[in-house]
Amino acid sequence: MKAADLLVQCLENEGVEYVFGIMGKETLDLMDSLSKSKQIQFVNVRHEQGAAFMADVYGRLTRKPGICLATLGPGAANLLTGIASATLDHSPVVAITGQAGIERQYLESHQYIDIVRSFEPATKWSVQVKDPNTLSAIIRKAFRVAQSEKPGGVLIELPENLASQIITTQPLPVTPIPKSIPITQAIVNALTLINQSKKPVVIVGNGVIRQDAAAELLEFVVNLQAPVIHSFMAKGILPKNHLLNYFTFGFNKDDEALPLIEEADLLLVVGFDFVEKLPKDWNKKSIPILHIDPLPAEMDEHYPVRGELAGDLKETFLLLNKLDIPAKPWVPNGNLKERIETAYQLHLDIKGNQSLSIENVLTVIEGLTTEKTIVVSDVGAHKVSIARTFQPNQAGTLILSNGLASMGIALPGAIGAKLACGDAPVICITGDGGALMNISELETAKRLGLSFVLIVLNNSGLKLEEQMMQEKFSHSFGTDFGNPDFVQLAESFGIKGFRPTHLSEFEEVLKASLNQTNEITLIEVIQD
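Sequence order as written defines residue numbering, which begins from 1 separately in each chain. Totals for whole chains, interfaces and linings use every residue, but because this is a predicted model, local features are given only for residues with pLDDT of at least 70 and side-chain atom pairs only at 80 or more, for both listing and counting. Working from all heavy atoms in the structure, the side-chain values ignore hydrogens and water.

Engineer: Which residues make up the packing of helix α10 (residues 214-224) against helix α13 (residues 313-320), and what values do they have?
Structural biologist: Angles shown run from 0 to 180 degrees and are taken between the N-to-C directions of axes, each axis being a line fitted to C-alpha atoms and, for helices, limited to the stretch in contact. Secondary structure elements follow DSSP: runs of H or I no shorter than four residues count as helices, runs of E no shorter than two count as strands, and numbering proceeds from the N terminus. Contact pair α10 / α13: the axes reach a minimum separation of 8 Å and the direction vectors enclose 30 degrees. Considering the relative orientation of α10 and α13, their crossing is left-handed. Residues Glu 216, Leu 217 and Phe 220 of α10 touch α13, and the partners they reach there are Lys 314, Phe 317, Leu 318 and Leu 320. Residues that form the contact of α10 with α13 fall into these classes: five nonpolar, no polar and two charged. Working rule for handedness: look at the near helix, and if it is turned counterclockwise from the far one by less than a right angle, call the crossing left-handed; if clockwise, right-handed. Residues count as neighbours in contact if any of their non-hydrogen atoms are within 4.5 Å of one another. For this classification, Asp, Glu, Lys and Arg are treated as charged, while Ala, Val, Leu, Ile, Met, Phe, Trp, Tyr, Cys and Pro are nonpolar and the rest, including Gly, are polar.

Engineer: Which residues make up the pattern of salt bridges, and what values go with them?
Structural biologist: Each salt bridge in this description consists of a side-chain nitrogen of Lys or Arg and a carboxyl oxygen of Asp or Glu lying within 4 Å of one another. In total, this model carries 23 salt bridges according to the counting rule given. Here Lys 25 makes a salt bridge to Glu 160, at a shortest N to O gap of 2.8 Å. Placement of Lys 25 in the loop between β1 (18-21) and α2 (28-35) and of Glu 160 in helix α7 (residues 160-163) is noted, with a sequence separation of 135 residues between them. The exposure class assigned to Lys 25 is exposed, which follows from its relative accessible area of 52%. Across the pair Asp 273 and Arg 210 runs a salt bridge, and its minimum N-O distance is 2.9 Å. Each residue is placed in one exposure class: buried if its accessible area under a 1.4 Å probe, protein chains only, is under 20% of its type's maximum, exposed if it is over 50%, and partly exposed if it falls in between.

Engineer: Before we move on, can you summarise the nonpolar core with the specific residues and values?
Structural biologist: Membership of the largest hydrophobic core comes to 53 residues, with the highest contact counts inside it found for Phe 20, Cys 68, Leu 79, Ile 83, Ile 374, Phe 452 and Leu 454. A per-element tally of this core places helix α3 (residues 48-62) first, with eight residues. Setting aside residues no more than four positions away along its own chain, Phe 452 makes contact with Leu 411, Ala 414, Ile 415, Val 426, Ala 445, Glu 519, Ile 520 and Thr 521. What we call a nonpolar core is a set of buried Ala, Val, Leu, Ile, Met, Phe, Trp, Tyr and Cys residues that are connected through their side-chain atoms within 4.5 Å. Formed by 52 residues, the second largest nonpolar core is a distinct cluster that contains Met 233, Leu 260, Tyr 303 and Val 453.

Engineer: If you had to explain the packing of aromatic side chains to someone new, which residues and values would you point to?
Structural biologist: Two descriptors summarise a pair of aromatic rings, namely the distance from one centre to the other and the angle between the planes of the rings. Each Phe, Tyr or Trp ring (for Trp, its six-membered ring) is paired with any other whose centre lies within 6.5 Å, and the angle between the two planes then decides the class: stacked below 30 degrees, edge-to-face above 60, tilted in between. The tally for this structure, following the rule as stated, stands at 12 aromatic pairs. Relative to Phe 274, the ring of Phe 272 has its centre 6.3 Å away and its plane inclined at 55 degrees; by these criteria the two rings are tilted. In this structure Phe 272 comes out as buried when scored by relative accessible area, which is 4%. On the basis of relative accessibility, which here comes to 18%, the residue Phe 274 falls in the buried class. Judged by centre distance (5.5 Å) and plane angle (85 degrees), the ring pair of Phe 272 and Trp 282 falls under edge-to-face. Placement of Phe 272 in the loop between β10 (266-270) and α12 (279-282) and of Trp 282 in helix α12 is noted, with a sequence separation of 10 residues between them. Exposure remark for Trp 282: the relative accessible area of 3% places this residue in the buried category. Among the aromatic side chains, those forming a connected cluster through ring pairs are Phe 249, Phe 272, Phe 274, Trp 282 and Tyr 303. Taking the ring centre of Trp 125 as reference, the NZ or CZ of Lys 141 above it sits at 4.3 Å. Either the NZ atom of lysine or the CZ atom of arginine qualifies as a charge over a ring when it sits within 6 Å of the ring centre and within 35 degrees of the ring normal.

Engineer: I'd like to hear about α10, residue by residue, with values.
Structural biologist: For α10, the set of buried residues is Ala 214, Glu 216, Leu 217, Phe 220, Val 221 and Leu 224. The buried residues of α10 occupy an angular sector of 160 degrees when the element is viewed end-on, so they sit on one face. Turning to α10, the residues buried within the fold contact α8 (184-196), β7 (200-204), α9 (207-210), β8 (228-230), β10 and α13. In the segment just after α10, Gln 225 is the residue with positive phi, at about 65 degrees. Taken from the helix axis, the directions to the C-beta atoms give the arc we talk about.

So, in C-alpha cells, the structure goes:
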C-alpha cells in the first residue's frame, strides 16, 4: 500500500472519527486514501483556522486528539493560530500538512516555507516525515505526545513525493498512557501542611477537568471545608449554590476574589495552568503553596511551593479521600462571598421588559441550560462578563479560549462541540468582531446538518480594546467598524435569524431555538 493509505490506517487505529481541513495539490494522495475510509469523516471547512479551532474544541471535549489537515504553505500557515491556541489551552490536537517534495526543498520554491520550524514554538512536537516506513511510529508518538500532560498541539508534515511511495509497514498497537501517583512521603508532607494551616484556600484550574477529577476534588473539598475559587476554564467544578464556592478569579481589574487569597495562610493550587494567570498577579503576598498537579511545579517568588503532589489528579484525590483530611472551616472577612455575588451579578432578578445587557442575557442563558448544554464563548469584552457572571451546570461544559485568547474560535468551536457531543445542546456566544472572522463556517455547519444557537453580541466595535485605550490615553483609536445585517446574513446561509428588542423576546427565541434538533439559529443582540 502507499504511505498515505498507511497514514489513514494509523488514524483509524487511533480511533479518529473526523478530520477537519481543506485539501490541496500536495495532499491529493492523502485525500484519496481518506475517501476510502469507512470510519473517518472528512469535514471540508472554509478556512484552515476554522479547522484547527474545530479540532481544538473536539479534542477538549472528547479528551482524544482532534485532527486537522492542510496543504503546504498558506494552508499550513493558516492552521497556526488554532494550533497555538490548542497548545496554550492544553487541548490535544494533531495537525497534518502536506509539503513540497523533498527534491525541491533546498531551492527557492513555489509555496515552500519551513512549516516544521514555523510550528515548533506553538506545538509540543513538530516533525517532517523523511522516511515513509517511519509513519506508524510517528503517528503513535504524535498521539501520545498530544494527549500526555499537559496536552497540546503536534504537527506532522508529509512531503508530496513520499505520500505515494509503496511501503509494507503496519499501524502500531495503541496502549494507554501510564498514570502516576505521588509518593507516600509527599502525601505525608501535604497532610502536615494542611494540618498546620488555619485558613487554607483551594484554587482550582483546568487540569481537574482534563483529568476527569471533578467529583473526587469535590469530595475532598467537602471534607476540607475550605473556600474554593476557580480559574476561568475551571468554572462549574463546584455548583453555583455550593457554600464553599467563591467563584472565579483571574481578572485584570475588579477581581473581587483576590481578598480571599490575601487572607489565606495556605493555597492548595490544583491543576492550575499558569497560562491563565501568572502567580505574580494573584499571589502578591507570596502565600505558601501546596502544589497538586500532574506535573512538577514551576516555582518563582510568587509561587513558593512548600509541598508538592505530582501525579494523575483523579488517582491523587482518590488516594487523599481515603485518608483523614482535617476540616478547616473558615469564613473570609467582610461578607466576601456576598460581595462577590453582587459584583459578579450572579442573582439578577430579570424581567421581560429589561434591557439586553450582557449580564441579563447571560442570566437568561443560564436559566435555560441543562447539565448537558455546552456553551462556547469567543474572545472579547463579553468573555470577561461570562467569566464573572455565567455559571455552568457542569464542569467542562463552558468552553473558553484563555491561553492564547484568540478571537474567532466560537463558531468553528461550536461545530467541533456538536460533533463531539451530538446529543448536547450547544450555544455559541460571540461578539461581532469574532463572528466575522470565521462566519464562513456557517456554511460548513449547515452542510453537516448540525443544530446549535449562535448569539452575536453586536456593539459595532472592539469594546474591550476601546475601554483599555480610554483608560490609558483618555481616547480610543482603531476600534470602530461597520457590520452587515446579521439577520440577513444568516438567511443567506439558509438559517434562521432573529433580532430581539427586549429580554422576554430574547428568552422566547432562545427557548424555541434550543428545542430545534436539526436547525441552526442566529440571534443578533444589539448592545448599547
